[in-house]
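Letter by letter, the chains look like this.
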Amino acid sequence: MKLTTQSQLARTPTAEAIETYYASMRRFWHPVLPSEQLVDGKPSSVELLEEPLVIVRLNGDLVIMEDICRHFQAQLSLGEIREIPGSGECLMCPYHGWTYAEDGQCVDIPQLSAGREIPSSARVPTFHIQERYGLIWVCLDPNPAFHLPDLPHLDDGTYQIGPLRTYAPWIASAPRVIMAALDDTHGPWVHPGLVGNRSHPLPPEHRVWREGQYLKVEIIMTQPNNATIAESNDDSAVREVAITTTVGIPNTIHFDIRATDSSDGRHTLIWQAVCPQRWNSTLTFWGSARNYDHDKPAYDVDFEALQDTLREQDRRIVESQRPWLLPPFWTKIELPLRPADLPLIEYQSWLDELGITTAV
Ligand code: FES
Ligand SMILES: [Fe+2]
């Protein structure tokens, strides 16, 4: 279907567009839950691309299954962990006690008549799962398109790691959330005095390139002093910063920020990893790190409060964007501007190639 009018853009995507979006996103690793929220001995339910999933530690292994019992489709995450001889810790459905081993195979049916075998079809799908950066990551496809994304320096030991934050879901699609972080020209309008100044509206010069599964962007830009280093609340003090951005296609973004007027080697890192729970619901995990001020607490109240303000300012704009899913460039629905929007153009072109832009 070709969208022709502005009002049509506001419509809910077609079922076909949503399914195509989900199918394209299944091939990537997505963060779904902070590790510390998975309580030992208890299953947790999460949602990814509208799939209900249950995460649980069984016999020391992290396991993820579809959160739907094969018997009468009750939610396994409401169940409990139970020991089965020969299979160790297993997950038991809360409804009739069918119990599933780590590989998703049902290994106990309490109602089974003597002499009857557990049917081999009594199994639930399991998926790839890993833990890194304090997050649990999942890939729904047996053959992930890319590796689990790297977030540079977060585990090299020389950085003071800030708290892992989880922002409540934005009513928006995941690529739009990443694009809001990648967009470096909206600051003066959305974040005046924080990461932008309307007397400096021109975009920075970008160097943009692909490196493996990453889109890299280098810029030098002018920012109020307090944007990257939360030591000054003086909005009038402007400084130049160099920023190297690493976008893990399609769902992580990492900024390495340093002042250009000093050679003190101070780097501030800010990163986001987003979870596409649904086509219009995106959870953001967010963190920061610095390689200086190791004697100060990792949780800097002013810095965290500033980030909360920035996220909230972005949220209302991103939630307003239509169409909900990114349109392919050929539709000419958007009018990206060169060279100002170059990082966004390159990101979106890559998503085009991967079939993630499915608004029409
Ligand atoms: S629905 Fe799960 S055991 Fe019956
Ligand atoms: Fe923003």
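Here the structure is a predicted model, which is why all the values come from computation and not from measurement.

**Q** Can you tell me about the sheet that holds strand β4 (residues 61-66), naming the residues and giving the values?
**A** Across the sheet, which stays open at both edges, the 3 strands sit in the order β2-β3-β4 with antiparallel pairing between neighbours. What marks the edges here is a single partner per strand, and that holds for β2 (44-48) and β4. Direction aside, neighbouring strands of the sheet carry axes that sit 30 degrees apart on average. Judged from the 5 bridges that link them, β2 and strand β3 (residues 51-58) form a sheet pairing that is antiparallel. By the bridge assignment, Val46 is partnered in β3 with Leu53.

**Q** Break down the sheet that holds strand β10 (residues 135-139) for me, citing the residues and quoting the values.
**A** Reading across the sheet, the 3 strands line up as β1-β10-β9 and stay open at both edges, with antiparallel pairing between neighbours. Looking at the sheet topology across the chains shown, the edges are occupied by β1 (30-34) and β9 (128-132). When strand polarity is set aside, the average angle formed by the axes of neighbouring strands in this sheet is 30 degrees. Sheet topology places β9 next to β10; 5 bridges connect them, and they run antiparallel. Counted as the bridge partner of Glu131 is Ile136 from β10.

Reading the values: rules and limits
- Residues numbered from 1 in each chain as written.
- Chains lettered and ligands numbered in written order.
- Predicted model: local features only at pLDDT ≥ 70, side-chain atom pairs only at ≥ 80, totals over all residues.
- Heavy atoms only, no water.
- Pairing = 2+ DSSP bridges.
- Helix = DSSP H or I, 4+ residues; strand = E, 2+ residues; numbered from the N terminus.
- Axes fitted to C-alpha atoms, helices over the stretch in contact; angles between N-to-C directions.

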